[in-house]
Every structure is written in C-alpha cells, then in structure tokens.
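Spelled out from the first residue to the last, the chains are:
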Amino acid sequence: MVGFLDLSLLRDFFSLLLLQVSMWGSDSFLVISPSEPIVAMLGMDTVLPCHVSPAMSAENMELRWFRSEFSEAVYVYQDGMEQVGEQLVDFKGRAELVKDYITEGRVSVRIYSLRISDSGIYKCFFKKGSEFQEATLELKVIGLGSGPHVFMVGPEGTGIRLTCTGKRWFPQPEVQWKDAMGEKIPSLSEVETQDDDGLFQIEASLIVRDSSKREVSCSMKNPFFGQEQVETISIPESFFPRTSPWMTAFAVTFIILGIFLGAVVFLAWKERQEKKRTQEAQAEKEKESKDKESLEKELGRRKQLYQQDWRKAKLYADWRKEQFEAVAVTLDPDTAHHNLILSENRKQVSLMGNAPQNCDASGRQGQGESETIFSVLGQNCFTTGRHYWEIEVNIGTEVGLEPRWAVGVCSDTAERNGWFVESPEKNFWVIAYNKGVLISRPESLSLRQHPQRIGVFLDLEDKDVSFYNMVDGSHIYSFTGITFYGTLHPYLSLQGAGTYVTICSASDDTENYPESSPKTHLKSRDMGVAQEANPLLPP
C-alpha cells in the first residue's frame, strides 16, 4: 500500500514538471493575484497587484483591470501606453499603472483617494498574442470615522440620559457602553443612517439610573480590523435627580413653562378668532418676545453650570476668558529671526519680501541651513497662573509658496535654531496651518472653516494649553496633562509672502454669545504627554 502511494506521488510530480517545461517552451503563462482581500482606508491610496508565472516581460502585453464586466475598465494598457477610451468615468484621473517591474511580469494599478464605491471584486487580464489569462482580486475599503463623542443630554425619569455619536464610519461600527469596572451596559437605542457617500452616522443612547456608575465609556469598533475608539464621561453626583438640588427647580420651571406656553397658545387662538390678521401679527410678535426671554434664561442657566465646572467644558470661549488673566503680549525683537519684520508697537510680525521660501518643513529632518523656521517669542514670561491672549492671522494671496504659520507657547529651553520640530516633545505646544490644513502634531484637525482669530489659553495650574476660534467661540484643540519645563513664552512662526500675524489688544474683544451646542468637537490624542477628552456640559 505504501509503495503504491509512493508511485502515485512520483507520477504526479513528473506530470507537474512536464507541464512547467511545456509552459517554458511556449507563450503559456498564469496570472496570479493576492489570495487575501486587500484592505485600505477611505480617502487613502492602494494598489491592486498581479504578476505572471513564469516570470516574463509584460511590456508588449495587453493589460486590463476591470470590475464585474470586461467593459467596465478601471485601467487599460495596450501597445505600450494607457488607453483611456474604455476607462470608467469614476476612475479617470484616479488610476495609474505601476510598472517598475514590468519586465519581470509584475505590475499593479494604483487607485488614488479611495471611495466606498471602490469596494468589491476586480479582475486583472493579461493577453500576449492569442494567449490570455486573468485573476480575481477583492478590495475592502474601510473608514474610521470621528467619534465617539459622548454628551449628557439631561435628566430623564430617575436617571441621566447620555448620547454617543460617531460620523463617517464604514462598515457600520460596533457600539458598546461600559462602566468604570469594565462591565458592559446595553444601549437604550441605536440609530444608524448612511449619507450619500455610503458612510454610517451612529447615535446610541443610554439612561444611567445608578448614581454609583458615575464614570461611563462609549466605544466604537471597526469589525474588519478591530480598531477601537473610546471616550469616557464622568457624571457629577449632583446631576442625578435623587440628590440634585437643581432637579426640583428644573421640574417646577418645566411645569410653569408648560402652563405658560399653554396660556399663550390659548390667547393666540382666541385673538386669531376675534381680530384675525391684525391680531395674528401681534401674537407672532409676542411669541418672538417669549422666545427671546426663554433663550436668555437658558443662556443664564448654561453659564451658571459652566462656571461651576468650567474646566471640563471645551466650549464657550468668552465665558472661559472670565477665568483667565488677559495678557498684553509684545514681541521680543531679540528672539526674532532676521527674516521677520516686527511693527513699531511690536504687535505685528511679517516676512521680509526677499526672505527664502522654505518647502514643507514638517517633512524634513536636518537637510540644510536654508531650510529654517522663521519664529519669534513674546517678551511675556509665565511660570504660574492662568493667562490668555488673542492672535489674528492674515494669509497672503500673493503667487508663490503656500503660506504656513504656527501659534502657541514654547519653553525657554526649546531649541529654535535652523530647522526644528514644533512638537510637545520639543517643548512646543502649538497649532499650525500648512498647505491648507490645520494640524497639531501628530494629527490633522478637521474644521468646517480655518480660524482667523485664535484665542490661546495657558493654564499653568491645571497644566493645559487650549486653542479657540474667537469668531464663533468654538474649541479647536487642547494639550492636557502637560509637564512644563522652564519659563513659557508666547510663540509665533510664519512663512509665505503677504502673510502676517497680529497680537490683538484687549480693547478689540467682542462679545460672542455661545450657541446651544458647540460647533466643533475634537478629541485630543496621546502625543507623548498625557491627553484627555473632556466631556461637555448638558444642554
């Protein structure tokens, strides 16, 4: 029996050897693609590789990558050049052939700026003369969206309602609530929607009735890769209805407001019957007055809650200023780079017209003296207390290198000669604008609009540096849990013709009323120092 198996294996081996020899002596070949799905991030680039076996040049072959149908061409290579006539509209300008090893029969198609619709099955087709072969590939596009963001909605029944939201996920993430002990808590409800791009928006709700569970976390997990993002919220004990003194006042106010609104509706209906159009206009005017009064009461309530626990709220910049000392920052000419120009009052800095224009400094490390960051410090020194100042950035429109600027604070121990990295590890705590993107190492910040007037809040007591958009009062970014070394100074750097930065005086302040919800929510990440995402106040 054993001898029979040995003869069978030997016969199979010689058959495969003869098949391989016959392929070497002819134009026959096989097309081989990855056996596992190719997984790539939404918005990034990826390649779809294929190669022939045995190895041979594919320069004179017809190469085609297509979807389910042969005519649905992603990329076509024929007669030594790209053929765009059959290419799908969705891939025009987004697909190119990587042919560094085409003489060995190894080629790939690179797809730029991946979309959700790019997910699916692809086929690569190789043709030489009358011989042709194809292979199948699978591409999975995933998106790690923003969030989770956890909010306290307010009291409900005998508990506190929490909401956890996430945006632009694909595929649909797994949402899980947990208490401080790691015990899972089932969601009260989950609502999932998809936008026009196929990305999921998630909103999960939970009511916490046990006052001992004052620390609750919400996590969102990608089912393909297992990446998980978590945010934790701490609920003050006084917020629970059983012990909270403001709950009774809230309930009484709610009942009175309900009765009052009912009376207004009844009077408005009666007036419409008696005075018709004239009285309808009067009722509308009264309703607007009541709405304004209600808004003022709500703002007063929010401000009172904010003042009680303002450190945990990353919003309402104008209210935050009441906890900080305004600083009249003046720039120190002794610390300014020789290519910078300071105004006579030392409140404005710009770049000399003949200054060398560096390329992207964030991508270089020690390449030469010509690649220098043009920076200046403020004369003000800080070792204790809470301080804030405002900076206005004006980006030049002159033709040339794209503008770059950075604002924040740095330690007097920081090295600022030549080219350097503006990062917390180097004792710089700044946000920077570069190539149209607002960044704070090591991540980019997604904002609906780039701020022109920025508030810098330095809290040496709680070891925190925060940045706010002073036009709409929204929070931009925070460095928390910082260990400071030496004395801190205001810090500015800029690049680009026509770009200049101005230190705003206290008299330039304008009152910005906060809205019912913050316009921007960003989460601090670990950047070599301890970071935390602070919860927002209940609306």
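Residues numbered from 1 in each chain as written. Predicted model: local features only at pLDDT ≥ 70, side-chain atom pairs only at ≥ 80, totals over all residues. Heavy atoms only, no water.

1. Considering the overall build of the protein chain
For step 1, the next point in the chain: Along the protein chain, the regular secondary structure elements total three helices and 32 strands.
For step 2, the next point in the chain: Among the 539 residues that make up the protein chain, the fraction classed as buried is 44%.
For step 3, the next point in the chain: At a minimum sequence separation of 6, the contacts of the protein chain that also span at least 24 residues come to 64%.
For step 4, the next point in the chain: For the protein chain, the exposed area adds up to about 28,800 Å²; of that, 52% sits on carbon and sulfur atoms. (Helix = DSSP H or I, 4+ residues; strand = E, 2+ residues; numbered from the N terminus. Buried < 20%, exposed > 50% of the residue type's maximum accessible area, 1.4 Å probe, protein only. Contact = heavy atoms within 4.5 Å. Areas by Shrake-Rupley, 256 points an atom, 1.4 Å probe, with all protein chains shown as cover.)

2. Observations regarding the sheet that holds strand β1 (residues 30-32)
Sheet strands line up and pair through hydrogen bonds in the backbone, either parallel or antiparallel.
For step 1, the next point in the chain: Strand order in the open sheet formed by four strands is β1-β3-β8-β7, with antiparallel pairing between adjacent strands. A strand with exactly one partner marks an edge of an open sheet, and here the two such strands are β1 and β7 (95-101). Averaged over all pairs of adjacent strands, the angle between strand axes in this sheet comes to 25°, irrespective of strand direction.
For step 2, the next point in the chain: Relative to strand β8 (residues 106-111), β7 runs antiparallel, the two sharing five bridges. Looking at β8, one finds that Val98 is bridged to Ser108. (Pairing = 2+ DSSP bridges. Axes fitted to C-alpha atoms, helices over the stretch in contact; angles between N-to-C directions.)

3. A few points about the state of the cysteines
For step 1, the next point in the chain: On inspection of all chains with the given rule, the structure shows two disulfides.
For step 2, the next point in the chain: Across the disulfide, Cys50 is cross-linked to Cys124 (sulfur-sulfur distance 2.1 Å). Here the disulfide of Cys50 and Cys124 is left-handed, its torsion about the S-S bond being about -95°. Placement of Cys50 in strand β3 (residues 46-53) and of Cys124 in strand β9 (residues 120-128) is noted, with a sequence separation of 74 residues between them. Each member of the pair, Cys50 as well as Cys124, carries the same accessibility label: buried.
For step 3, the next point in the chain: Each disulfide pairs two cysteine sulfurs, and for Cys164 the partner residue is Cys218, the sulfurs being separated by 2.0 Å. An S-S torsion of about -85° defines the bridge between Cys164 and Cys218 as left-handed. With a gap of 54 residues between them, Cys164 in strand β12 (residues 159-169) and Cys218 in strand β17 (residues 215-221) connect regions that are remote in the sequence. Both residues of the pair, Cys164 and Cys218, count as buried.
For step 4, the next point in the chain: Numbered by position along the chain, the disulfide-linked cysteines of the protein chain connect as 1-2, 3-4. (Disulfide = S-S within 2.5 Å.)

4. Regarding the confidence of the model for the protein chain
For step 1, the next point in the chain: With 79% of its residues at a pLDDT of 70 or more, the protein chain shows a mean pLDDT of 79.
For step 2, the next point in the chain: Looking across the protein chain, the model is least confident in helix α1 (residues 2-24), with a mean pLDDT of 48, and most confident in strand β22 (residues 375-377), with 95.
For step 3, the next point in the chain: Confidence drops under pLDDT 50 across residues 21-25; counting only partners more than four residues distant or on other chains, this segment forms six contacts.
For step 4, the next point in the chain: Counting contacts from residues 510-539, a segment whose pLDDT is below 50, to residues more than four positions away or on other chains yields 88 contacts. (pLDDT = per-residue confidence, 0-100.)

5. Focus: the side chain of Glu390
For step 1, the next point in the chain: Looking at the secondary structure, you find Glu390 in strand β23 (residues 386-394).
For step 2, the next point in the chain: Side chain to side chain, Glu390 and Lys321 meet in a polar contact 3.3 Å long. (Polar contact = N/O pair within 3.5 Å; in protein donor to acceptor, adjacent residues only side chain to side chain.)

6. Section: the nonpolar core
For step 1, the next point in the chain: Ranked by size, the top nonpolar core spans 52 residues in total, and within it Leu63, Trp65, Phe126, Leu162 and Trp177 carry the most contacts.
For step 2, the next point in the chain: Considering each element in turn, this core owes the most residues, five residues, to strand β16 (residues 200-208).
For step 3, the next point in the chain: Leave out the neighbours within four places in its chain, and Leu63 touches Ala58, Tyr75, Val76, Tyr77, Leu97, Ile102, Val107, Phe125 and Phe126.
For step 4, the next point in the chain: If you look at the next biggest cluster of nonpolar residues, it comprises 36 residues, including Trp405, Val409, Leu438 and Leu492. (Core = buried A, V, L, I, M, F, W, Y, C linked by side-chain atoms within 4.5 Å.)

7. Some details on the sheet that holds strand β14 (residues 184-185)
For step 1, the next point in the chain: What the four strands build is an open sheet, ordered β14-β13-β17-β18; its pairing is antiparallel. Pairing within the sheet leaves two strands with one partner each, and these edge strands are β14 and β18 (228-234).
For step 2, the next point in the chain: When strand β13 (residues 174-179) meets β14, the two strands line up antiparallel, connected through two bridges. Bridging from a neighbouring strand, Lys178 pairs with Lys184 of β14.

8. What about the side chain of Asp179?
For step 1, the next point in the chain: Take Asp179: it is sitting in strand β13.
For step 2, the next point in the chain: Although Asp179 is buried, it makes no salt bridge; Lys213 carries the closest opposite charge, 4.1 Å away.
For step 3, the next point in the chain: Engagement of the side chain of Asp179 in a polar contact is seen with the backbone nitrogen of Glu183, the distance being 2.8 Å.
For step 4, the next point in the chain: Setting aside anything within four residues of it in sequence, one finds Asp179 in contact with Ile185, Lys213 and Glu215. (Lys, Arg positive; Asp, Glu negative; His and termini not counted. Salt bridge = Lys/Arg side-chain N within 4 Å of Asp/Glu carboxyl O.)

9. Points about the pattern of salt bridges
For step 1, the next point in the chain: Counted by the stated rule, this structure contains 12 salt bridges.
For step 2, the next point in the chain: The shortest N-O distance in the salt bridge between Asp462 and Arg386 comes to 3.5 Å. In this pair, Asp462 is assigned in the loop between β28 (453-459) and β29 (464-469) and Arg386 in strand β23, connecting sequence segments 76 residues apart.
For step 3, the next point in the chain: Accessibility expressed as a relative area gives 35% for Asp462, which makes it partly exposed.
For step 4, the next point in the chain: Overlapping salt bridges, with partners in common, bring together Glu62, Arg64 and Glu86 in one network.

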